[in-house]
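# Structural overview for review
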Amino acid sequence: MTPEIRFIVDAMYGSLARWLRLLGYNTVYSDTKSDDEILRETDDRILLTRDKELIIRARKSTIHVLNPGSGSIRSMLQRLQEDLGIQFVANPNESRCPSCNGTLLLKRREDVQNQVPKGSLRNHNEFWQCSNSLCHQVYWQGRHWTRISNTLKQLKSDETKE
Ligand SMILES: [Zn+2]
């Protein structure tokens, strides 16, 4: 993960925002922000949008803006990797909360037993809790994590094909 890269994502890219947070990237996202608010709040973040008008306005304000396109998550991530010269890596210890962008803290089973279904509690040893007191969501490496790892593996193989 490259901590100096931070994103602000427009309303069309909600699921991409969740992915970027899981991959450890500090990502601002809100589906209620107006274009004006987005442009005002970039604060050195890279703006991700495919809205042509917003792209033009961002460029005029010398905001770093990228268009991840409209394909699958995999193709969007691939494009960001190429544009930014980075490699996405799945590391749960660097993940941010996909729902609120809060940082996650590693927790022991006893700390989260009331918030995790029994089966998951039994099958996993590591749990992470969102540090944002308004959120406090608990995560573990369930099936979604296998999907994330597989998608990232595909990114790598796409690269070697070319
Ligand atoms: Zn959270």
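Because the structure is predicted, anything quoted here is derived from the model rather than measured. (Residues numbered from 1 in each chain as written. Predicted model: local features only at pLDDT ≥ 70, side-chain atom pairs only at ≥ 80, totals over all residues. Heavy atoms only, no water.)

### What to know about the coordination of the zinc ion
The cut-off we apply is this: In this analysis a donor is any N, O or S atom within 2.8 Å of a metal ion (3.2 Å for sodium, potassium and calcium), and since water is not included, sites may seem incomplete. Working definition: helices are DSSP H or I runs of at least four residues, strands are E runs of at least two. Numbering for both runs from the N terminus. Type-normalised accessible area, obtained with a 1.4 Å probe on protein chains alone, sets the label of each residue: buried when under 20%, exposed when over 50%, and partly exposed for intermediate values.
Taken together, Cys97 (SG), Cys100 (SG), Cys130 (SG) and Cys135 (SG) make up the full set of protein donors to the zinc ion, lying 2.3 Å away. As a motif over one chain, the donors of the zinc ion read C-x2-C-x29-C-x4-C. Residue Cys97 is found in the loop between α4 (73-84) and β5 (104-107), and its partner Cys135 is found in the loop between β6 (127-130) and β7 (138-139); the two are separated by 38 residues along the sequence. Judged by relative accessible area, Cys135 falls into the partly exposed class, the value being 23%.

### What about the domain arrangement of the chain?
By a widespread convention, an interface's size corresponds to the accessible area lost as its parts come together. The test is simple: Domain delimitation in this document rests on an assignment produced automatically or drawn from a domain database. Contacts between residues were defined by any pair of non-hydrogen atoms, one from each residue, lying within 4.5 Å. Note on definitions: buried area is the accessible-area loss of two parts on being combined, 1.4 Å probe, summed for both. By definition here, a salt bridge exists when the distance from a side-chain nitrogen of Lys or Arg to a carboxyl oxygen of Asp or Glu is within 4 Å. Pairs of N or O atoms are called polar contacts if they sit within 3.5 Å, as long as, within protein, a hydrogen donor faces a hydrogen acceptor (for residues adjacent in sequence, only side-chain-to-side-chain pairs). Three residue categories are used. Nonpolar comprises Ala, Val, Leu, Ile, Met, Phe, Trp, Tyr, Cys and Pro, charged comprises Asp, Glu, Lys and Arg, and polar comprises the others, including Gly.
When cut into domains, the chain gives domain 1 (7-84) and domain 2 (104-161). Each of domain 1 and domain 2 has a C-alpha centre, and the two are 24 Å apart. Each partner contributes residues to the interface: domain 1 has seven residues there, and domain 2 has nine residues. Sorting the residues of domain 1 by area buried against domain 2 places Trp19, Leu22 and Arg74 first, and these three jointly supply 58% of that buried surface. Here domain 1 is connected to domain 2 by zero salt bridges. Applying the counting rule to domain 1 against domain 2 returns one residue pair in polar contact (both at pLDDT 80 or more). Sort the elements by how many residues they give to the side of domain 1 that touches domain 2 and α4 lands first, with four residues. For the side of domain 1 that touches domain 2, the per-class residue count stands at four nonpolar, two polar and one charged.

### Things to note about helix α1 (residues 14-22)
With seven of its nine residues buried, α1 lies for the most part within the structure. Listed as buried for α1 are Gly14, Leu16, Ala17, Trp19, Leu20, Arg21 and Leu22. With its phi angle positive at about 100°, Gly24 sits one or two positions after the end of α1.

### Quick word on the pattern of salt bridges
Evaluation of the coordinates by the stated rule reveals five salt bridges. For Lys33, the salt bridge goes to Glu41, with nearest N and O atoms at 2.7 Å. For Lys33, a relative accessible area of 23% puts it in the partly exposed group. Look at Glu41 and you get partly exposed, because its relative accessible area is 34%. Of the charged contacts in the structure, one is a salt bridge between Arg108 and Glu110, with a shortest N-O distance of 3.9 Å. Exposure remark for Arg108: the relative accessible area of 52% places this residue in the exposed category. Among the charged side chains, a network of salt bridges with common partners joins Arg108, Glu110 and Asp111.

### Quick look at the side chain of Thr27
Among the structural elements, Thr27 can be located in strand β2 (residues 27-29). Taking the relative accessible area as the measure of exposure, Thr27 reaches 0% and is therefore buried. Within the local environment of Thr27, its side chain forms a polar contact with the backbone oxygen of Tyr25, the two atoms lying 2.9 Å apart. Excluding residues that lie within four positions of it along the chain, Thr27 makes contacts with Phe7, Val9, Ala17, Leu20, Arg21, Arg45 and Asn101.

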